[in-house]
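Residue-level structural notes
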Amino acid sequence: MPHSHAHHHAANRLLWAMSLTAIFMVVEVFGGIFSGSLALMADAGHMLTDTASLFIAWLAARLAHRPADSLRSYGYQRMQILAAFINGMAFIAIVVWIVVEAVHRFMAPVQVEGNIMIVIAVLGLVVNIIAFWILHAGGDHHDLNVRAAVIHVLGDLLGSAATIVAAGIIIATGWMPIDPILSVLVALLILRSAWNVVRHAGHILLEGTPEDLDAVHIRDALKQEVASVEDVHHIHIWSLTPSYPLLTMHVNLEQNADYVKTLSQIKQVLIKRFNIEHSTVQLELDHCTDKH
């Protein structure tokens, strides 16, 4: 029950942070239009990526324990990965738009209203600080979704700070190129986080081996720690979500091995040493009949 409450509270905090970010993203879009600032529009694009990321985290917190059914034997946990991949590709398209627009502005400078720009940017900084506090105050830093959301909000803080710098330079010197220059820097922030999202989500969708697990290491650990194990092969490791690894493998045993005891020992090693709680193990006494 406490575990369920923890997920409920995490989902509530994510919903509040997402709502704040989404509302201010709209404010930044209008501020960018009225001030003529590409940096504000770029920061709004950054906040759009974070709104989507916070939504994914919120959805995952809500759906993670929804029961499986006959059509989805693993449940609904993969929805967050699929959504993350689609969002990541959309974020990269936003980066391309910002860079193209910045090039146009270098060639044909646009007059920017620095006063409107700095007011919106300072408000954005305040909103991001509040969102960071909401997420950070929960204390559940072991939750991967919440940790990822905190990183995104910190990126927003940097974007707002860059926009404040651009506005200050425009007000002080009237030098308009600083606006597209800093908009490109914000776009690079988006690109970095978007590429990480696409890379990690794509790896999971391709059933890639989790980065913190190694088949050779698992094989050696089982041969060393379980006396009846002679060989381990056909090891396949993948993950449903970043925190839910799965494994299948074949294990050759000694002729007089106790099947029940050995299987229990294998499962204990997988859980304690590698945090793999869902595994399918085929025990064999003779040669393996599978070719691949």
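Everything in this summary refers to the structure shown in the same document. (Residues numbered from 1 in each chain as written. Predicted model: local features only at pLDDT ≥ 70, side-chain atom pairs only at ≥ 80, totals over all residues. Heavy atoms only, no water.)

Next up on the list: the packing of aromatic side chains. With the rule as written, the count across this model stands at one aromatic pair. Between F55 and W58 the ring centres are 5.9 Å apart and the planes differ by 35°, which places this aromatic pair in the tilted class. Linking F55 with W58, this pair stays in helix α2 (residues 38-63), spanning three residues, or about one helical turn. Overall, the relative accessible area of 39% leaves F55 in the partly exposed class. (Phe/Tyr/Trp six-rings, centres within 6.5 Å; stacked < 30°, edge-to-face > 60°. Helix = DSSP H or I, 4+ residues; strand = E, 2+ residues; numbered from the N terminus. Buried < 20%, exposed > 50% of the residue type's maximum accessible area, 1.4 Å probe, protein only.)

Here we come to the environment of L189. Its location among the elements puts L189 in helix α6 (residues 178-205). Look at L189 and you get partly exposed, because its relative accessible area is 29%. Discounting chain neighbours no more than four positions away, the residues touching L189 are H46, G155, L158 and G159. (Contact = heavy atoms within 4.5 Å.)

Another point: the packing of helix α7 (residues 215-225) against helix α8 (residues 259-274). Viewed as axis vectors pointing N to C, α7 and α8 meet at an angle of 130°, and their least axial separation amounts to 10 Å. In terms of axis orientation, α7 runs oblique to α8. Our pair here, α7 against α8, has a crossing hand that is right-handed. Packed against α7, whose contacting residues are H217, I218, A221, L222 and E225, the element α8 presents I266, V269, L270, R273 and F274 at the interface. (Axes fitted to C-alpha atoms, helices over the stretch in contact; angles between N-to-C directions. Parallel < 35°, antiparallel > 145°, perpendicular 65-115°, else oblique. Left-handed = near helix turned anticlockwise from the far one by under 90°.)

Right, let's talk about the packing of helix α3 (residues 79-107) against α6 for a bit. Interaxial distance between α3 and α6 falls to 8 Å at its minimum, and their mutual angle equals 160°. When the interaxial angle is binned, α3 and α6 end up roughly antiparallel. Taken as a pair, α3 and α6 cross one another with a handedness that is left-handed. For the contact of α3 with α6, a count of residues per class yields 23 nonpolar, three polar and two charged. (Nonpolar A, V, L, I, M, F, W, Y, C, P; charged D, E, K, R; others polar.)

Secondary-structure assignment places T51 in helix α2. On the basis of relative accessibility, which here comes to 11%, the residue T51 falls in the buried class.

A few words now on unusual backbone geometry. At H234, a residue that is not glycine, the phi angle is positive and equals roughly 50°. For H234, the position within the fold is in strand β1 (residues 229-241). We classify H234 as partly exposed; its relative accessible area is 21%.

What follows covers the pairing of strand β3 (residues 278-284). Here strand β2 (residues 244-253) pairs with β3 via seven bridges, running parallel. Across the sheet, residue L246 finds its bridge partner in β3, namely H278. Considered for its hand, the β-α-β crossover made up of β2, α8 and β3 is right-handed. (Pairing = 2+ DSSP bridges. Right-handed = clockwise from strand over helix to strand, strands pointing away.)

The next thing to look at is the environment of V281. Mapped onto the elements, V281 comes out in strand β3. A relative accessible area of 16% places V281 in the buried class. Between the C-alpha atom of V281 and that of M249, which follows or precedes it by 32 residues, the distance is 5.2 Å.

Summarising the element assignment, E28 is placed in helix α1 (residues 2-35). Of the side chains with opposite charge, R105 lies nearest to the buried E28, which makes no salt bridge, at 14 Å. A distance of 3.2 Å separates a polar side-chain atom of E28 from the backbone nitrogen of A44. (Lys, Arg positive; Asp, Glu negative; His and termini not counted. Salt bridge = Lys/Arg side-chain N within 4 Å of Asp/Glu carboxyl O. Polar contact = N/O pair within 3.5 Å; in protein donor to acceptor, adjacent residues only side chain to side chain.)

Glancing now at the nonpolar core. In this structure, M249, V251 and I266 are the most contacted members of the largest nonpolar core, which totals 21 residues. Taken together, the elements giving at least two residues each to this core come down to α7, β1, β2, α8 and β3. Not counting residues within four places of it along the chain, the set of residues in contact with V251 comprises V229, D231, V232, I266, V281, Q282, L283 and E284. Counting 15 residues, the second largest nonpolar core, distinct from the first, contains M25, M117, I170 and I178. (Core = buried A, V, L, I, M, F, W, Y, C linked by side-chain atoms within 4.5 Å.)

As summarised here, the arrangement of the three strands in space is β1-β2-β3, forming an open sheet in which the pairing is mixed. Looking at which strands have only one partner, the edges of the open sheet turn out to be β1 and β3. Averaged over all neighbouring strand pairs, the angle between strand axes comes to 10°, with direction disregarded. Lying on the sheet, α7 is in contact with β1 and β2; it crosses β1 at an angle near 135°.

Here we come to the pattern of salt bridges. Side-chain pairs of opposite charge can arise whenever the charged atoms involved come near each other. For the structure shown, the criterion picks out seven salt bridges. Residues D69 and R72 are paired through a salt bridge, measuring 3.2 Å at the closest nitrogen-oxygen approach. Overall, D69 belongs to the partly exposed group, its relative accessible area being 28%. In this structure, R199 and E211 form a salt bridge, with 3.6 Å as the shortest nitrogen-oxygen distance. Taken together, the residues span a long stretch of sequence, with R199 in helix α6 and E211 in the loop between α6 and α7 at a distance of twelve residues. With relative accessibility at 63%, the residue E211 sits in the exposed group. Each of E101, R105 and D179 takes part in salt bridges that share partners, so that together they form one network.

By themselves, these figures tell us nothing about what the structure is for.
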